[in-house]
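Topology and contacts: notes
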Amino acid sequence: MYARGLLIACAAMLLAACGARGPAGLDIDRSIVAKSQNSRVEFLVVHYTSLNNEASLKVLSQNNVSTHYLITNDPAPRVYQLVDESRRAWHAGESEWFGRSDMNAGSIGVEIANHGRDGDTWEPYSPAQIEIAATLFLDIIKRHQIKPFNVVGHSDIAPQRKIDPGPLFPWKELALKGIGRWYNEAQAKTYEQEFLRDGLPDVPWLQQELSRAGYKTPRTGVLDKATTNVVAAFQMHYRPARYDGQPDAETLAILRALP
């Protein structure tokens, strides 16, 4: 008798799921799920807040800007989820990556509490923050199947106006954990020697290669201010020891070796 009652209850639950009520009492059958689909999320964008924990929480929850996650700089950092991943957070602003301009629509934003730049110095990230960030990033990347080249900093997608997460953010360390894109270092050394021996590629080549790497880059054929800003953003990500925006042999070799 108990088994029969359980079967009836399960059948009723199944029928309810199939014929769930929608808007205005509309019957919507959700019993069949299409095979051809994936996540709307394509990008993971990393920021620093330029603020302390309290101010970061206030600004990112009450002002006209937001993020999906905030990692504090407490001795034992906390992770706040301020926006559900299914919804658009207002973190990217005017930006572009591989020709995609509406970055908020297809990205997860992660802010890390860090004061960033103060003159010629930068606040370092704590090992605890990076460890927590790596765990969070790997989970986001796995669930949304984000490609390595789509794990970026705010400066990558908005090089004319943003410098976060800055040159102290450990992109190489994270890439070794399977987070983001990195270049073939041995290959880059070979290219660097070629450039030192034979001369540097011209500016049109530089602008084309930066575009190939995903950056919104002018195609003026001259090393203008906008192009040097893009070079500096590239350097902060891949050659943080020097990020002066000058396309030297090492920078161009790294760019050529970037997959």
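Residues numbered from 1 in each chain as written. Predicted model: local features only at pLDDT ≥ 70, side-chain atom pairs only at ≥ 80, totals over all residues. Heavy atoms only, no water.

**Section: empty space enclosed by the protein**
Here the structure, examined in full by the defined rule, presents one cavity of 30 Å³ or more. In this structure, the largest cavity spans a volume of roughly 30 Å³. Taken together, Ser 155, Asp 156, Pro 165, Gly 166, Trp 171, Ala 233, Met 236 and His 237 form the lining of the largest cavity. For the lining of the largest cavity, the elements supplying multiple residues, two or more each, are α4 (154–157) and α8 (225–238). Residue contributions to the lining of the largest cavity peak at three residues, all from α8. (1 Å grid on protein atoms, 1.4 Å probe; cavity = no way out; pocket = protein on both sides within 12 Å on 5 of 7 lines; lining within 4 Å. Points joined across faces, edges and corners; volume = space filled by probe spheres on them. Helix = DSSP H or I, 4+ residues; strand = E, 2+ residues; numbered from the N terminus.)

**Section: α8**
Here α8 contains 14 residues, and its C-alpha end-to-end distance of 20 Å stays within 8% of the 20 Å for a straight helix at 1.5 Å per residue. Counted residue by residue, α8 has twelve buried out of 14 residues, so it is predominantly covered. Residues of α8 that are buried: Thr 227, Thr 228, Asn 229, Val 230, Val 231, Ala 232, Ala 233, Phe 234, Gln 235, Met 236, His 237 and Tyr 238. Those residues of α8 that are buried are in contact with β8 (121–122), β9 (151–153), α4, α5 (171–176), α7 (203–212) and α9 (249–257). (Expected span 1.5 Å × (residues − 1). Buried < 20%, exposed > 50% of the residue type's maximum accessible area, 1.4 Å probe, protein only. Contact = heavy atoms within 4.5 Å.)

**Points about unusual backbone geometry**
A cis amide bond links Asp 164 with the next residue in sequence, Pro 165, at an omega value of 15°. Turning to its location among the elements, Pro 165 is positioned in the loop between α4 and α5. Although it is not a glycine, Ala 24 adopts a positive phi angle of roughly 55°. On the secondary structure map, Ala 24 appears in the loop between β1 (20–21) and β2 (27–28). Taking the relative accessible area as the measure of exposure, Ala 24 reaches 89% and is therefore exposed. We note that Phe 98 has phi near 50°; this positive angle belongs to a residue other than glycine. With respect to the helices, strands and loops of the structure, Phe 98 is situated in the loop between β5 (79–81) and β6 (107–112).

**Quick look at the sheet that holds β6**
Spatial ordering of the open sheet is given by β5-β4-β6-β3-β9, a layout of five strands whose pairing is mixed. Of all the strands in the sheet, the pair left with one neighbour each is β5 and β9. Ignoring which end each strand starts from, the neighbouring axes of this sheet average 20° apart. Both strand β4 (residues 69–71) and β6 contribute to a ladder of three bridges, which runs parallel. Residue pairing for β6: Tyr 69 is matched across the bridge by Val 110. Those strands touched by helix α3 (residues 127–144) are β3 (43–48), β4, β5, β6 and β9, and its axis lies near 160° from that of β4. (Pairing = 2+ DSSP bridges. Axes fitted to C-alpha atoms, helices over the stretch in contact; angles between N-to-C directions.)

**Considerations on the nonpolar core**
Counting 54 residues, the largest nonpolar core has Leu 44, Val 110, Phe 137, Phe 169 and Tyr 215 as the members making the most contacts within it. In terms of residues, this core owes the most to one element, α3, which gives seven residues. Excluding residues that lie within four positions of it along the chain, Leu 44 makes contacts with Ile 108, Val 110, Phe 137, Ile 140, Ile 141, Ile 146, Asn 150, Val 151 and Val 152. (Core = buried A, V, L, I, M, F, W, Y, C linked by side-chain atoms within 4.5 Å.)

**Things to note about the packing of α8 against α9**
The interhelical angle for the contact between α8 and α9, taken along N-to-C directions, is 75°, at an axis separation of 11 Å. In terms of axis orientation, α8 runs roughly perpendicular to α9. Residues Val 231, Phe 234, Gln 235 and Tyr 238 of α8 lie in contact with α9, whose contacting residues are Thr 251, Ile 254 and Leu 255. Along the lines of polarity and charge, the residues of the contact of α8 with α9 split into five nonpolar, two polar and no charged. (Parallel < 35°, antiparallel > 145°, perpendicular 65-115°, else oblique. Nonpolar A, V, L, I, M, F, W, Y, C, P; charged D, E, K, R; others polar.)

**Comments concerning the side chain of Thr 217**
Looking at where Thr 217 falls in the secondary structure, it is placed in the loop between α7 and α8. What makes Thr 217 buried here is its relative accessible area of 12%. Of the polar contacts made by the side chain of Thr 217, one reaches the backbone oxygen of Tyr 215; its length is 3.1 Å. (Polar contact = N/O pair within 3.5 Å; in protein donor to acceptor, adjacent residues only side chain to side chain.)

**Points about the pattern of salt bridges**
Counting across every chain of the model gives 13 salt bridges. The salt bridge partner of Glu 42 is Arg 100, with a shortest N-O separation of 2.7 Å. A residue pair is termed long-range when its members are at least 10 positions apart, and Glu 42 in the loop between β2 and β3 and Arg 100 in the loop between β5 and β6 qualify at 58 residues. Of the residues examined, Arg 100 reaches a relative accessible area of 25% and is grouped as partly exposed. (Salt bridge = Lys/Arg side-chain N within 4 Å of Asp/Glu carboxyl O.)

This is a description of form; function is not addressed.
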